[in-house]
Amino acid sequence: MSLHLVSVVNSASLIHPGFSLMNFDGGVFLFGQKGWPKRACPTGVFNVRYKQGELKLRPVSFCNDSCYLPPLRCPAVTQLAPENPESCETEQYLIHGGKTPNNEFSDHLYIMSLESRGCNKKVTLQCVEKELVGEIPEARYGHTINMVYSHGKRACVLFGGRSYMPPGQRTTENWNSMTDCSPHVYLIDLDFGCCTSYTLQELTDGQSFHVSLSRKDSVYFLGGHTLASNSRPPRLFRLRVELLLGSPALSCEILPYGLSLTSAIVTRLGPDYEFVIVGGYTSESHKRFECNTVVLDDSGIHIMTRETPEWTGEIRQSKTWFGGSMGEGSVLMGVPAEGGQALSESNNFYIVKLRQEEELGQTCSQESTDQEQENSTPLEDSEEFYFSREPDELQDDDVDDDTYNEEDEEDESQTGYWVKCCLRCQVDINTWVPNYSTELNKPAMIFCSKGEEGHWVHALCMDLSEDLLVCLSQENTKYFCMDHMEVVQGLQTPPQKLLPVKHPPMKNQHRKVPVKLKMSPAKKSFIRRLFE
């Protein structure tokens with residue numbers, strides 16, 4: 001067992017407590033970046049490449065029929081491996097729950113798989129959301145999910161975690177207060193998405209950030225933290241699931257020689273059911289420097305003490321640490337850097353190799369983090385990571401063109417949606433709020449056709465109404481902004497001045513005129529006397 005200091009050339013600020021590592025076709029993929037994804041990598045998933053003591057991160061794209069996957073911290077992740085290791089089924093991962101950058105919890109279940117790998121090493125993933133019905137587990141984080149196989153069937157077991165207090169008990173004072181989820185065991189049928197909740201008398205307290213290992217029809221739970229008692233008792237449970245034809249049968253057994261740990265990292269050694277537990281905590285202020293080997297077989301579980309690496313003084317003195325499994329006995333660990341002024345130097349990273357004779361393997365992974373020590377305040381956009389390269393560029397192991405260079409990064413305050421479109425531009429990335437119903441997290445823009453290339457302007461700065469904006473976007477008409485409208489009008493051919501045509505008034509042929517009677521004075525006098 002050895003410990004190696006590594007450098008993350010693509011900015012270490014992307015990797016923070018709560019991330020997850022997955023493995024597809026021998027490659028390690030990072031999920032759960034800090035903050036919301038940017039345009040350079042809208043998926044928020046990155047390929048992690050380790051070479052000559054350096055970690056390089058490359059953005060990964062999703063196929064067209066994939067769903068939206070938000071960056072989730074501390075979700076439950078497990079590999080959807082076939083019961084038969086020799087099967088040719090596609091590698092898949094289950095992702096449930098987790099916390100978004102807005103500190104909102106997710107209750108969705110996603111299935112991620114490898115869609116394609118091109119000849120230029122371009123990786124395309126597929127993410128599909130599985131619709132759940134029945135007794136759906138509440139939104140949570142810090143829980144575990146495992147696969148069980150019995151009688152030719154399969155199901156996934158979900159247990160533990162934390163969540164916000166129920167809506168009826170949530171007040172202004174305890175709005176962000178956490179509570180343990182109920183100690184129910186959820187059984188999820190992946191074929192139909194049916195969820196069923198089970199209550200077992202052996203499981204009396206909720207627990208989170210525990211370790212779970214599964215083999216065939218059994219799941220083992222080790223350690224964990226209970227908020228109600230603020231304790232980490234040395235627990236060990238064995239949950240057995242029999243997928244019978246009628247209704248599944250669940251049984252739980254309390255086993256001796258448990259482990260007191262939370263937020264530990266678990267890595268698997270090869271295809272056998274041999275695991276190594278590294279890191280974690282024994283209390284709120286004490287890290288766990290011991291390592292254990294765990295073997296699962298037909299007779300049960302076997303826990304043995306294992307040789308530990310020579311931890312550096314920086315690791316021993318740090319208050320927190322976090323990490324994840326890169327597969328094949330290799331673990332990526334991070335500790336806060338001492339005196340790191342730049343954001344990219346806020347953490348130092350190490351790789352623990354549990355096998356001296358082998359190179360860094362990259363197979364199955366199971367995330368484990370230190371979310372108990374994390375501050376729950378929202379993360380700012382300025383703390384996020386940016387990429388200047390597109391994910392479909394060619395990759396070459398012999399050329400280091402994928403190294404992130406901060407000077408080459410695109411400044412979003414000058415380009416894209418946050419461009420200063422005119423001298424009176426009102427859009428600011430720090431103070432902008434949606435103005436149109438079509439806006440979500442970016443301002444509405446419209447294309448000005450001035451010149452050969454044209455440019456984009458904000459609809460708000462052009463004082464466009466929502467109806468006019470929708471009309472211009474639907475019709476195939478050219479639009480010119482306020483600054484170029486007069487210029488365009490000046491380029492047009494001025495109309496020819498013509499003298500006005502005089503139209504003489506026409507006489508009305510049917511005009512009615514009063515009738516005048518010609519009478520002599522004698523007749524007028526006679527008629528006057530007649531009416532008198």
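All values derive from a computational prediction rather than experimental measurement.

**Looking at the UniProt feature "binding site: Zn(2+) 1" (unreviewed entry) in the protein**
Here's step 1: Look at the UniProt record and you will see "binding site: Zn(2+) 1" (unreviewed entry) annotated at Cys 421, Cys 425, Cys 448, His 455, His 458, Cys 461 and His 484.
Here's step 2: Its place among the elements puts His 458 in strand 33 (residues 455–458).
Here's step 3: Beyond its immediate stretch of four places on either side in the chain, His 458 contacts Tyr 417, Val 419, Cys 421, Cys 425, Val 427, Pro 443, Ala 444 and Met 445.
Here's step 4: Using a relative accessible area of 2% as the deciding quantity, one classes Cys 461 as buried.
Here's step 5: Contacts of Cys 461, omitting those with residues within four sequence positions, involve Cys 421, Cys 422, Arg 424, Cys 425, Gln 426, Val 427 and Met 482.

**Looking at the nonpolar core**
Nonpolar side chains in soluble globular proteins tend to end up buried together.
Here's step 1: Ile 446, Val 457, Cys 461, Met 462, Leu 464, Leu 469 and Tyr 479 are the most contacted members of the largest nonpolar core, which totals 19 residues.
Here's step 2: Elements with a contribution of two residues or more to this core: strand 32 (445–448) and helix 2 (466–474).
Here's step 3: When sequence neighbours within four positions are dropped, the list of residues in contact with Met 462 reads Cys 422, Val 457, Tyr 479, Cys 481 and Met 482.

**A look at the packing of aromatic side chains**
Here's step 1: Using the criterion set out here, one finds twelve aromatic pairs in the structure.
Here's step 2: On the numbers, 5.2 Å between centres and 75° between planes, the contact of Phe 24 with Tyr 93 is edge-to-face. With a gap of 69 residues between them, Phe 24 in strand 2 (residues 20–24) and Tyr 93 in strand 8 (residues 92–96) connect regions that are remote in the sequence. The pair formed by Phe 24 and Tyr 93 is uniform in burial state, with each residue classed as buried.
Here's step 3: Look at Phe 105 and Tyr 164: their rings are 4.5 Å apart centre to centre, the planes differ by 20°, and that puts the pair in the stacked class. With Phe 105 in the loop between strand 8 and strand 9 (109–117) and Tyr 164 in strand 14 (residues 162–164), the pair connects residues that are 59 residues apart, well separated along the chain.
Here's step 4: Given the relative accessible area of 14%, Phe 105 is considered buried.
Here's step 5: Residue classification places Tyr 164 among the buried residues on the basis of a relative accessible area of 14%.
Here's step 6: By way of ring pairs, the aromatic residues Phe 105, Tyr 141, Tyr 164 and Phe 209 are connected into one cluster.

**Topic: the confidence of the model for the protein**
Here's step 1: For the protein, the mean per-residue pLDDT works out to 80, and 78% of the residues sit at or above 70.
Here's step 2: Per-element mean pLDDT across the protein ranges from 42 in strand 31 (residues 367–368) up to 97 in strand 19 (residues 218–222).
Here's step 3: Predicted confidence is poor over residues 357–415, with pLDDT under 50, and the contacts of this stretch with residues over four places away or in other chains come to 171 contacts.

Cut-offs and rules
- Residues numbered from 1 in each chain as written.
- Predicted model: local features only at pLDDT ≥ 70, side-chain atom pairs only at ≥ 80, totals over all residues.
- Heavy atoms only, no water.
- UniProt positions renumbered as here; feature names shortened; annotations may be inferred.
- Helix = DSSP H or I, 4+ residues; strand = E, 2+ residues; numbered from the N terminus.
- Contact = heavy atoms within 4.5 Å.
- Buried < 20%, exposed > 50% of the residue type's maximum accessible area, 1.4 Å probe, protein only.
- Core = buried A, V, L, I, M, F, W, Y, C linked by side-chain atoms within 4.5 Å.
- Phe/Tyr/Trp six-rings, centres within 6.5 Å; stacked < 30°, edge-to-face > 60°.
- pLDDT = per-residue confidence, 0-100.

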